[in-house]
Amino acid sequence: MEFIESRGNDGQQQKKVTFSQAILSPMCSFGGIYVPEQLPELDTDFLQKHLNSDYKTLASAILTHLDVDIADEEIQAALDLYDKFDDPKNPVPVVKVRDDLYVSELYHGPTRAFKDMALQPFGQILSSIAQNNNHNYLILAATSGDTGPAALETFKNKKNVQVACLYPDGGTSDVQRLQMVTESADNLKVIGIHGNFDDAQTALKNLLASDKFKATLKQKNIDLSAANSVNFGRIIFQILYHIHSYLELVRQGAINLGDSVYLNVPSGNFGNALGGYYAMKMGLPVEKIMISSNANNVLTELINEGRYDLSSKSVIPTASPAMDILKSSNVERILYDLLGAERTKELMTQLDTENKYQLTEQELTLLQETFVADYCSDEEGKQFIKECFEQGYLMDPHTATCLKTEATKKEKELVTIVYSTAEWTKFSPTIANALTGEIDTHDLDALKSISKTAQIKIPDMIAELFDKPITHSTIVEKEAIEEEIIRFL
Ligand SMILES: *Cc1c(COP(=O)(O)O)cnc(C)c1O
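Bear in mind the structure is a predicted one, so any value in this text is a computation, not a measurement.

Among the eight residues of strand β6 (residues 161-168), seven are classified as buried, and the element is accordingly described as predominantly covered. Looking at chain direction, strand β5 (residues 137-142) and β6 are connected through six bridges and run parallel. Residue Tyr137 lies in a different strand from β6, and its bridge partner there is Val161. Remark: the β5/helix α6 (residues 147-155)/β6 crossover connection has right-handed handedness. Direction of pairing for β6 relative to strand β7 (residues 188-193): parallel, over a ladder of six bridges. When the bridges of β7 are listed, Leu166 appears paired with Ile191. Following the backbone out of β6, through helix α7 (residues 174-181) and into the adjacent parallel β7, one traces a crossover that is right-handed.

Right under this line is the structure:
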């Protein structure tokens, strides 16, 4: 598989790159991102053949089909990280909630959120390419809560890689903060900043673009990279679980091989949904992809009205903070796929300069052939959490947004796969509030309450966090981030 640029080629950049090139130097002409030039087909024979394959066997067969320039044993080493999940045989359980609604649980990894699905193997692959090339990398990560812990977890003690992770002090949950500031490996630096997630993200983008910063790193023989969600090294691992979840439905007798299903994805930066889209393009029988959002409903407006308009919007903090995003980066890959590079460049330039763009009627129709969308308020979300719990299933506030779209946008009597992106332990105050009405200011109180109400144990890796020593206590002003990172290096 080779990669081309979403906004076309400027005559300077290489026209096509390999997978490893796309991972290591993701910068494209005109500020675009890499997209696969072509995707292989996975026909019914392939699905039939892997009907009873375990996750890693299926994953490695799909990756072989995708034909990336990574040695088999390195892919194997990356996939072996799924052995750290709760059930190594089945890292992604698919659980029945109703006859026509199954939940694919993507949060059984070390940090209890779906970021592990991609960052675990991605970290392994990046580190092995760095070692093979004898390069050293500084990986920057800015996080609103889930990416940071997952990035630190995957890169800790990896050779040739150091990580600097920026988080907004006071802007994450207790559990998320503790997951970061208690990490103790020498190659990790966690920095809290006075500011919000946008400030952290802007600081990261400025550093990535700073020639002075890069020159300082070069003197130390270090290259700069980022673990952000547009990196195709993350996307590729997000195609796999959609195919696994479908086969799991066949195994459980919920559908017959070949039946169409709905995929319902709680979306922010659109990486998860994009993985589903690519799986569908490769041949997975999908009726529609449902895009579920919170009050930050840019994606709902785009898919229902063809308008992407940030001009009068600012981020609204919600109970599903990992989806509090206005610039949803991976949408660009869908635009490229449906409309081509020239039009994508035009639309993305408009978004940069005018803060909005509008699709034509025809373009909107094309988008709606695949996607439907709706958004869910925090109050509605809590209602869904409560109702679902009463029917025997506990879900987190991100996953709960899917139930709104399910209620309003399902046209055919087909089975839906809802993707669950976080365990209840990561957003416990909202869930405790939904279940009992209590208002907890600390995660620990909420965790204990839910544990009691739902009769479930707090997983050890979460319970232990509250007793671990704090190893990172740096909290700085935005202006001091660069200096702090250089001191660490
Ligand atoms: C990152 C994240 C999302 C959004 O996923 P995208 O791939 O960015 O759309 C949703 N829920 C949780 C819990 C997340 O951590």
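Turning to the sheet that holds strand β4 (residues 101-105), a few remarks are in order. The strand order β3-β4-β14-β9-β10-β13 describes an open sheet built from six strands, whose pairing is mixed. The sheet is open, and its two edges are formed by β3 (94-98) and β13 (371-375), each paired on a single side. On average, adjacent strands in this sheet sit at an angle of 25° to one another, irrespective of strand direction. Summarising the sheet, β4 and strand β14 (residues 416-420) pair through five bridges and their orientation is parallel.

Take the packing of aromatic side chains next. In total, this model carries 11 aromatic pairs according to the counting rule given. Considering the side-chain rings of Tyr241 and Tyr419, the 6.0 Å spacing of their centres and the 50° angle between planes classify their relative orientation as tilted. Here Tyr241, found in helix α11 (residues 237-251), pairs with Tyr419, found in strand β14; they are 178 residues apart in sequence, far enough to count as distant. For Tyr419, a relative accessible area of 0% translates into the label buried. Connected via pairs of aromatic rings, a cluster forms that spans Phe3, Phe19, Phe232, Phe270, Tyr277, Tyr278 and Phe371. The ring of Phe30 has Lys345 sitting right over it, with the charged end atom 4.1 Å from the ring centre. Taking NZ or CZ as reference, Lys404 lies 5.7 Å from the ring centre of Tyr375, over its face.

Time to look at helix α8 (residues 197-209). Here α8 spans 18 Å end to end across 13 residues, near enough to the 18 Å set by a 1.5 Å rise per residue. Every buried residue of α8 is accounted for by Ala200, Ala203, Leu204 and Leu207. Down the axis, α8 shows its buried residues gathered within 100° of arc, on one side only. Next to the buried residues of α8 lie β5, β6, β7, α9 (211-219), β8 (223-226) and α22 (481-488).

Within the secondary structure, Thr154 sits in helix α6. Residue classification places Thr154 among the buried residues on the basis of a relative accessible area of 2%. If we skip the residues at most four places from it in the chain, Thr154 touches Leu119, Gln120, Gly123 and Gln124.

Before going further, it helps to examine the site of the ligand. For the ligand, the set of nearby residues contains 15 residues, the closest of which are Lys115, Asp146, Gly268, Asn269 and Thr421. Contact distances for the ligand include 3.1 Å between an oxygen atom and a backbone N or O atom of Gly271. Contact with the protein chains covers 96% of the free accessible surface of the ligand, which is 380 Å². Among the residues making up the shell around the ligand, the classes are represented as six nonpolar, seven polar and two charged.

Reading guide: rules and limits
Residues numbered from 1 in each chain as written. Predicted model: local features only at pLDDT ≥ 70, side-chain atom pairs only at ≥ 80, totals over all residues. Heavy atoms only, no water. Buried < 20%, exposed > 50% of the residue type's maximum accessible area, 1.4 Å probe, protein only. Helix = DSSP H or I, 4+ residues; strand = E, 2+ residues; numbered from the N terminus. Pairing = 2+ DSSP bridges. Right-handed = clockwise from strand over helix to strand, strands pointing away. Axes fitted to C-alpha atoms, helices over the stretch in contact; angles between N-to-C directions. Phe/Tyr/Trp six-rings, centres within 6.5 Å; stacked < 30°, edge-to-face > 60°. Lys NZ or Arg CZ within 6 Å of the ring centre and 35° of its normal. Expected span 1.5 Å × (residues − 1). Arc of directions from axis to C-beta. Contact = heavy atoms within 4.5 Å. Near = heavy atom within 4 Å. Polar contact = N/O pair within 3.5 Å; in protein donor to acceptor, adjacent residues only side chain to side chain. Areas by Shrake-Rupley, 256 points an atom, 1.4 Å probe, with all protein chains shown as cover. Nonpolar A, V, L, I, M, F, W, Y, C, P; charged D, E, K, R; others polar.

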